[in-house]
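Chain by chain, the residues:
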Amino acid sequence: MALGPAASTPNSTRCPKVTFLLHLPENTRPLPPPQQSSGVSPLGKDRHRLIRSRGDRHQCDNAKGLKAFYDAIKYGPTHLMVFGGVCTTVTSIIAESLIGWNLVQLSFAATTPELADKKKYPYFFRTVPSDNAVNPAILKLLKHYKWKRVGTLTQDIQRFSEVRNDLTGVLYGEDIEISDTESFSNDPCTSVKKLKGNDVRIILGQFNEEMAAKVFCCAFNEKMFGPKYQWIIPGWYQSHWWEKAIPKLNSSHCLTMNLLGAMEGYIGVDFEPLSSKPIKTISGRTPQQYEEEYDQRRGNVEPSKFHGFAYDGIWVIAKTLQQAMKILNATNRNQKIEDFNYTNKELGKIFLDAMNQTSFFGVTGQVMFRNGERMGTIKFTQFQDKKEVKVGEYNAILDSLEMINNTIKFHGKEPPKDRTIIQKQLRKISLPLYSILSALTILGMIMASAFLFFNIKNRNQKLIKMSSPYMNNLIILGGMLSYASIFLFGLDGSFVSEKTFETLCTVRTWILTVGYTTAFGAMFAKTWRVHAIFKNVKMKKKIIKDQKLLVIVGGMLLIDLCILICWQVVDPLRRTVENYNMEPDPAGRDISILPILEHCENTHMTIWLGIVYAYKGLLMLFGCFLAWETRNVSIPALNDSKYIGMSVYNVGIMCIIGAAVSFLTRDQPNVQFCIVALVIIFCSTITLCLVFVPKLITLRTNPDAATRNRGLQFTQNQKKDDSKTSTSVTSVNQASTSRLEGLQSENHQLRMKITELDKALEEVTMQLQDTPDKTTYIKQNHYQELNDILSIRNFTENKDGEKAVLKNHLDQNPQAQWNTTEPSRTSKDFTEDINSPEHIQRRLSLQLPILHHAYLPSIGGVDASCASPCVSPSASPRHRHVPPSFRVMVSGL
C-alpha cells in the first residue's frame, strides 16, 4: 500500500512512495477507502483491511501467511518496513526472522506477551499494548484499595499462563501476597473451591468467555460473590458474552439469573481503544471526531477495537521515516531512504532508533515505546446491571491511576477486604466477677486479721498459751498468703501487659505454694508435738520448744523453695496463647472473631505439677496420721486432731473437685477463675475457723475446762505412760498441774478410808486387851480387815509385784499365828495357852508394829521394803522419794 504525503509540519519533507506488507487473517473484512479531506490522511489511496478481533482468536492459515511474506521479499520491490501481523504464530515467526533483512516490523493487533522478548524479537514494535500491559494497572488498582492478598485463577493456555507469570513478577516485592495460584483446563469448580478454602477474597482471573461463564457458575455455587469478594478478569470480552456462553454450559444448576448474580460487580481490565480526552491528535482531529468519521465510513461492518491502533500505526511509520530522513540530512551523507536494501544494516539501525524515539498524541492516546512496547492507556470497567461501565483508567507513561468519581459500586458499604479480617479477642475475666471475688477475699483477710489480733491479745491466757500462739500466727499467715493469690489469679491481659502477666505466672504459684505449706505445716507441727508427748515414751525429759516447731515448718518451706527454684531455673513458666475456633462478628461486620486465651505453661508442665502435688499429698497424709494418733488426747487446748481431720477432709475434697473442674473449663476463664477462687476461699476460711472459732468460744464460756483432763478417763496403762513422760515445756506443765489436782482428790479419798480402818483397828485392839476370850472372833472376823489394810498398798505408785511384809508373813506362817499344830495337846490346853496374858502380849508386840509398818508407804510414809518387820516404825523411818508434784503426806495412827 502507498503512503501519502507526510503531515504538513514545519521543516517537513515529502516522503517517497513506499510499499508495505500487510498480512491479515482470512476472515477479516475490508473497510471502504476513506474520503479525501482537506487534511492529510495516512490511509492514502490504496485499499487496506483492518481485522475486527484480536490475534489468536481467529483461525489463521500459517502456511499462506508465511508464503505471502517470503514471496513479497523475493519477488516484490524492496520494502522499508513490515506493518501488520495479527495471528500470533505468523507474527512471531516473521518477527524472529526480520533481523536477517534489517526490517522493522510494526503490529497493531498482536498482543501476545511472547513478542515482548527483545533478545528474540529486536526489530518488533506494536502500537497496541501487550496483554502484560494490564499487570502494572492491576498493581495500581490493588494499591488503591489497599488489597495486599490476592489469588489467581488461570486457564491452561500459554497466553494466559504468560500473563499470570508476568503478574507474579510485577507483584513480587510490592508487599502484595499471592496466597494461592490455581489453574484449570475444563472444570474450574475444584480450583474455585480451593480458593475459597484458602480464604482468597480478591481473585485475579485469566480465561476466555466460555470458561468465564463456568467460573462464575462455580462461584455462585460456592457463594464466592457479593460484598466479601472481588473478581478482576480480562475486559476484552465481546459485548453480552454471557448470552452466548450460557447455552454451552449444559448445566441445570446455573441459570442465567444465577450467573448474572455472581457476575455483578466484577472488574474488567483492558487497553483503551480510543482516548477519552478531547484533545486534537497529530492528524488534527480529536479522538471523538475520528470515531464519528470511522463509524460513518464502516457502514454496516462490525467495528473492530483495533482500528485506532492501526490508524496510529500509520502515523508511527510516517513519523519514523520523517525522523530517519532528518537523521540522514543531519549527517551530511548522500544517502536517501530509497537507498535502503536488506543488507544495509546502517539504515536499518536508523529506522529502528527513529521508531523507538517516536512520541505523539494519537487517537488511542499518547503514542510512545519503551523497548518496543507501547506505553498505552488501560481502562477499568465494572459489570453493573447487565452492562459494563467504565470506572477508571491507568496511564502507563505517567504510572498513574485515575478513578472516575462515584462510578464504581461495591455490594457493601466499603470495598471488600482482601482476606477475612481476624480480630483477636482475648477471653478475659469479667470485671464484676473479679470485683465480687475480690470483695470476698478481702472479707476473708479481715477475718484472718481478727484471728491474729485475738491470738496476740490473748497469748498469755492459759488456753491460748497451751495451743502454741506462734504456730497459730503461722497458720494465719499461710491463710492470708492463700487469700492474696486470688488477686493475682484474676489479673490477665486485660489488666496487665504480656511481660507483667508472665511475671505473675511465677509469683502467684510461689505465693499459693508457700501459703499452703505455712498454714498446714504449722498445724501439723503442733500435732506432732502432742503426739510426741503423749505417745512416744522415748521423749522422757526432752524439751520440745516452739523453736523446734519453727525449724520443722522451715524445713517444709525449704523443700518448697527447692522445688520452686528448680522449676524456675530449669523450665520457667511462660505466657502462652491458645487459639480457638473463629466466630462470626456479633455486630455483622465483615470480620471474624478469633478467641484467644492466655495460659501459664511450660514444656514439662505435667511433671512439675506432679512433683508439687506429690509433696503436698504426702504432707496431707502425714497430717492425717498425726490426727489419728492423737485422737484420744482429751485436753482440748492441746488436741486439734478432730479439727485437723475436718480441715484435711474439706481441703482434699475441694482441691480434687476444683482441679478437675478447672481443667475441664480451661477454655472458659470466668468459670475457671471462679472455681479456683472459691476453692481457695473455702479452704482457707474453713481451716482458720476450725482452728480459732472453738478457742474463741471456749475462752468466752469456760476457759478452765479446756485446760483440764476431761473426767480423767485414762486407763491404767495410759497413767503409767503419762507418769513416765515429763517435759519442761509450758503445755506439759499445765497438763501436770491438771493431773496433780486429780491425784489430790484421789488421795483425799484414801485418807478417809484409812481413818475408817484406824477406828476398826482401835476397836480390835480394845477387844484384845479387855476380853481374851474373843480371840476366835478376831481370828475369824478381822483377818480379812487386816488384809484390807494391807491392800491399801495397791493405791500407791510402787511396782505391782512388790508384796507387803505383813501379808507375806501371814501367808508363810498362818498356823503359827492362829492355829496349833501340836497333836499332843488337847483342845482345852491349846485354848488356855494361846489366851494366856503372855501369849497375847507377845502377839501384840509383833502384829502392831508390822501393821503400822505396812500401810505407811501408801500415804507417803516408810517404804515397806526398807525395814524389818520386827523393827518399830520409829526406829528406821526411811521415807519414799517421789516427785515433788505428787508427794502427799497423810498423818495416820
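Small disclaimer: the values here were computed from a predicted structure and weren't measured.

(A) Spotlight on the sheet that holds strand 13 (residues 387-395). A sheet is described by the order of its strands in space; here eight strands give the open sequence 5-4-6-7-8-12-13-14, paired in mixed fashion. The sheet is open, and its two borders are formed by strand 5 (177-184) and strand 14 (400-403), each paired with just one other strand. Ignoring which end each strand starts from, the neighbouring axes of this sheet average 25 degrees apart. With five bridges joining them, strand 8 (residues 267-271) and strand 12 (residues 377-384) adopt antiparallel strand pairing. Bridge pairing links G268 to T381 in strand 12. Sheet strands in contact with helix 4 (residues 158-171) are strand 4 (149-155), strand 5 and strand 6 (202-206), and its direction is about 165 degrees off that of strand 4.

(B) Summary view of the packing of helix 12 (residues 431-457) against helix 14 (residues 469-489). At a minimum axis distance of 9 Å, the contact between helix 12 and helix 14 shows a crossing angle of 170 degrees. Regarding the angle of helix 12 to helix 14, the classification is roughly antiparallel. Here the contact of helix 12 with helix 14 is composed, by residue class, of 14 nonpolar, seven polar and no charged.

(C) Region of the structure containing the pattern of salt bridges. Considering all chains together, one arrives at 22 salt bridges under this definition. With its nearest N and O atoms 3.0 Å apart, the salt bridge here joins D131 to R159. Of the two residues, D131 sits in the loop between strand 3 (124-126) and helix 3 (134-144) while R159 sits in helix 4, which places them 28 residues apart along the sequence. Like R159, D131 is buried.

(D) Structural detail: the packing of helix 14 against helix 16 (residues 546-570). Running from N to C, helix 14 and helix 16 point in directions that differ by 25 degrees, and their axes come no closer than 9 Å. Of the possible angle classes, the one that applies to helix 14 and helix 16 is roughly parallel. Contact with helix 14, carried on its side by Y470, M471 and L474, involves D546, L549, L550 and V553 of helix 16 and no other residues of that element.

(E) Structural detail: the pairing of strand 10 (residues 365-370). Direction of pairing for strand 9 (residues 359-362) relative to strand 10: antiparallel, over a ladder of four bridges. In the strand pairing of strand 10, F360 is matched with V367. Taking the residues that link successive antiparallel strands as the turn, the strand 9-strand 10 hairpin has two residues. Relative to strand 11 (residues 373-374), strand 10 runs antiparallel, the two sharing two bridges.

(F) Representation of the state of the cysteines within the structure. All told, the structure shown has two disulfides when counted by the stated rule. Between the sulfur atoms of C189 and its disulfide partner C218 the distance amounts to 1.9 Å. Taking the torsion about the sulfur-sulfur bond, which here is approximately -65 degrees, the covalent link between C189 and C218 counts as left-handed. Highlighted residues: C189 in helix 5 (residues 189-197) and C218 in helix 6 (residues 209-221), separated in sequence by 29 residues. A residue is classified by how much of its surface remains accessible, and C218, at 4% relative accessible area, is buried. Each sulfur in the disulfide pair C505 and C600 lies 1.8 Å from the other. Here the disulfide of C505 and C600 is left-handed, its torsion about the S-S bond being about -65 degrees. Remark: C600 occurs in strand 18 (residues 591-601) and C505 occurs in helix 15 (residues 498-534); sequence separation between them is 95 residues.

(G) Main features of the nonpolar core. Counting 74 residues, the largest nonpolar core has L142, I232 and F351 as the members making the most contacts within it. Setting aside anything within four residues of it in sequence, one finds I232 in contact with L141, L142, W147, I202, I203, L204, G205, I267 and V269. In this structure, I429, M471, I486 and L619 belong to the second largest nonpolar core, which totals 51 residues.

(H) Just the environment of G362, in detail. You can see G362 is positioned in strand 9. You can call G362 buried: its relative accessible area is 0%. A sequence separation of 78 residues divides G362 from G284, and the C-alpha atoms of the two residues are 9.6 Å apart. G362 has contacts with T281, D312 and V367, leaving out every residue within four places of it along the chain.

Criteria and cut-off values
Residues numbered from 1 in each chain as written. Predicted model: local features only at pLDDT ≥ 70, side-chain atom pairs only at ≥ 80, totals over all residues. Heavy atoms only, no water. Pairing = 2+ DSSP bridges. Helix = DSSP H or I, 4+ residues; strand = E, 2+ residues; numbered from the N terminus. Axes fitted to C-alpha atoms, helices over the stretch in contact; angles between N-to-C directions. Contact = heavy atoms within 4.5 Å. Parallel < 35°, antiparallel > 145°, perpendicular 65-115°, else oblique. Nonpolar A, V, L, I, M, F, W, Y, C, P; charged D, E, K, R; others polar. Salt bridge = Lys/Arg side-chain N within 4 Å of Asp/Glu carboxyl O. Buried < 20%, exposed > 50% of the residue type's maximum accessible area, 1.4 Å probe, protein only. Disulfide = S-S within 2.5 Å. Core = buried A, V, L, I, M, F, W, Y, C linked by side-chain atoms within 4.5 Å.

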